Amino acid sequence: NSKFGTKKGRNGTLKGYAVRSFHFWGESGKEWYQKQNKAATKSDEKGIGKEKEKAGVKVEEVLMMRWIRPFSLHTREYRFSWQGHDFVWKGTRIVDPGLKRVFRPFLRLCHLKLVVLVPGKGRKGEKDLVLARFTSMASKRKAGRFEVYEDILDRFFGEELMRSGGPEKGICGGVQGEGGKEMIRQRLRDVVVGTGMCMVIGEWSKRQVVIGIILAALDSIQ
């Protein structure tokens, strides 16, 4: 938001954007746009002036998730790098056995998993290490189950991340010893959960657009 970001995003700060007065077709969050625009209109009517530009929020690191092959059979694959390691969020058909059988064929394109690429045996080649998984569900109470495999996460943290020379400077704010390690471990969890939420929401938004296109096509045929 422009209230917290700077105009140009310089000196390590995040660039702030004003709330748009319009909404693109297919975008999620329409209700949020309407609420923000309504609140802005009321502020203008009361004569509240614009706030002065603040110092802006600074971040230690930014993760860029890249859509690898959008025009292929592996469209659900996003890659990002963190502390010298490559992570990939991608689709998976392996689900929780407790998922109701009647819904499995319809939800198999909604499941996700996060893997990190680590050296194979003898440090030759690469293998996938599954860190987290999202299993979609047809339920009124929740959209799915997001699981983080803490034991595998700790193994990757101890055997790969720290052995490769440790994280880059600045990630733990200069804290050394066990306190610094715990901060890095927590940052790793934040990366897993944060990118996972981006994937779940993003994949849901894409499915809504596809459904809208199909319904519009059927309506035009009629």
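Summarised in this report is the structure supplied together with it. Every value quoted in this text rests on a predicted model; they were computed, and no experiment measured them.

1. Description of the environment of Trp82
Okay, step 1: The topology assignment puts Trp82 in strand β2 (residues 77-82).
Okay, step 2: Residues Trp82 and Val62, spaced 20 residues apart in sequence, show a C-alpha to C-alpha distance of 9.2 Å.

2. Quick notes on the nonpolar core
Okay, step 1: Ranked by size, the top nonpolar core spans 24 residues in total, and within it Phe87, Leu114, Leu131 and Phe156 carry the most contacts.
Okay, step 2: Counting residues per element, the ones that place at least two in this core are β2, β3 (85-91), β4 (112-119), β5 (126-136), α3 (150-161) and α4 (177-221).
Okay, step 3: The element contributing the most residues to this core is α4, with six residues.
Okay, step 4: With residues up to four places along the chain from it excluded, the contact list for Leu131 reads Phe87, Leu114, Val116, Glu147, Val148, Tyr149, Ile152, Leu153 and Phe156.

3. Here we look at α3
Okay, step 1: Ile152, Leu153, Phe156, Phe157, Glu160 and Leu161 are the residues of α3 that are buried. Viewed along the axis of α3, the buried residues span an arc of 140°, placing them on a single side of the element.

4. Observations regarding a nonpolar patch on the surface
Okay, step 1: Together, Val210, Ile211, Ile214, Leu215, Leu218 and Ile221 make up an exposed nonpolar region whose accessible area comes to about 590 Å².
Okay, step 2: Tracing the sequence through the fold places Ile221 in helix α4.
Okay, step 3: Take Ile221: its relative accessible area is 67%, and that puts it in the exposed class.

About the cut-offs
- Counting from 1, residues in each chain are numbered in the order their sequence is written.
- This being a predicted model, a pLDDT of at least 70 is required before a residue's local features are given, and a value of 80 or more before pairs of side-chain atoms are given or counted; all residues contribute to the totals for chains, interfaces and linings.
- Just so you know, side-chain values use all the structure's heavy atoms and leave hydrogens and water out.
- For helices the rule is a DSSP run of H or I covering at least 4 residues; for strands it is a run of E covering at least 2, with both sets numbered from the N terminus onward.
- The definition of a nonpolar core used throughout is a set of buried Ala, Val, Leu, Ile, Met, Phe, Trp, Tyr and Cys residues joined through side-chain atoms within 4.5 Å.
- Using a 1.4 Å probe on the protein chains alone, a residue whose accessible area is under 20% of its type maximum counts as buried, one over 50% counts as exposed, and one in between counts as partly exposed.
- Residue contacts are defined here by distance: any two heavy atoms, one from each residue, within 4.5 Å place the two residues in contact.
- The directions from the helix axis to the C-beta atoms are what the arc is built from.
- Candidates for patches are residues over 30% relative accessible area with no salt bridge; among them, like charges are joined within 9 Å and nonpolar side chains (Val, Leu, Ile, Met, Phe, Trp, Tyr) within 5 Å.
- Shrake-Rupley sampling with a 1.4 Å probe provides the accessible areas, and residues are treated as covered by the protein chains on show and by no other component.
- A carboxyl oxygen of Asp or Glu within 4 Å of a side-chain nitrogen of Lys or Arg is what we treat as a salt bridge.

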